[in-house]
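# Examining the three-dimensional arrangement
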Amino acid sequence: MEVTRFEDSGKSVLGISGKCTVEHAAALRDALLDATSSQSGLILDISGVEEADITFLQLMLATALSVERSGGRLTRHGPLSPAAAAAARVSGFTQTPKLKTFFSDEGRDG
């Protein structure tokens, strides 16, 4: 798993790519905590996620809740990777109210 930060149209984006499974959960959690501590909203680019499991989805939900508590919103930049889409669909996370738009085209920021 790789986590990068980049700017797009003046907005800070956190890019997540590679395998996002239980083996990488602690590192991903730390990166998400760091990103949410410095800003109220968060934009994620998960187009490069090659493998995702329930821990990835749980971290997405926890991040959405945390960002919302601080008055922000979790949005997605770029397309949804096929692996993230499949994991969300199979597990029912596409119907989770806090992530429904994140895993659809409505949740896309750029």
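First, a word on scope: everything that follows refers to the structure included in this document. (Residues numbered from 1 in each chain as written. Predicted model: local features only at pLDDT ≥ 70, side-chain atom pairs only at ≥ 80, totals over all residues. Heavy atoms only, no water.)

## So, the nonpolar core
With 26 residues, the main nonpolar core has Ile16, Leu32, Leu44, Ile46 and Phe56 as its most contacted residues. Broken down by secondary-structure element, the contributors of at least two residues to this core are β2 (11-20), α1 (25-37), β3 (42-52), α2 (54-69) and α3 (82-91). With six residues, the top contributor of residues to this core is α2. Excluding anything up to four places from it in sequence, Leu44 contacts Val13, Leu14, Ile16, Leu32, Met60, Leu74, Thr75, Arg76, His77 and Phe102. (Core = buried A, V, L, I, M, F, W, Y, C linked by side-chain atoms within 4.5 Å. Buried < 20%, exposed > 50% of the residue type's maximum accessible area, 1.4 Å probe, protein only. Helix = DSSP H or I, 4+ residues; strand = E, 2+ residues; numbered from the N terminus. Contact = heavy atoms within 4.5 Å.)

## Comments concerning the sheet that holds β2
The strand order across the open sheet formed by four strands is β1-β2-β3-β4, and the pairing between neighbours is mixed. Of all strands in the sheet, those with a lone pairing partner are β1 (2-8) and β4 (74-76), marking the two edges. Along the sheet, successive strands turn relative to each other by an average axial angle of 30°, direction set aside. Where β3 meets β4, three bridges bridge the pair, whose relative direction is parallel. Paired with Ile43 across the bridge in β4 is Thr75. (Pairing = 2+ DSSP bridges. Axes fitted to C-alpha atoms, helices over the stretch in contact; angles between N-to-C directions.)

## Quick notes on the packing of α1 against α2
Between α1 and α2, the least distance of the axes is 11 Å, while the angle of their chain directions is 15°. Considering the angle they form, α1 stands roughly parallel to α2. For the element pair α1 and α2, the recorded crossing hand is right-handed. Counted together, Ala25, Leu28, Arg29, Leu32 and Thr36 of α1 and Thr55, Phe56, Leu59, Met60, Thr63, Ser66 and Val67 of α2 form the full contact between these two elements. Taken together, the residues of the contact of α1 with α2 sort by class into seven nonpolar, four polar and one charged. (Parallel < 35°, antiparallel > 145°, perpendicular 65-115°, else oblique. Left-handed = near helix turned anticlockwise from the far one by under 90°. Nonpolar A, V, L, I, M, F, W, Y, C, P; charged D, E, K, R; others polar.)

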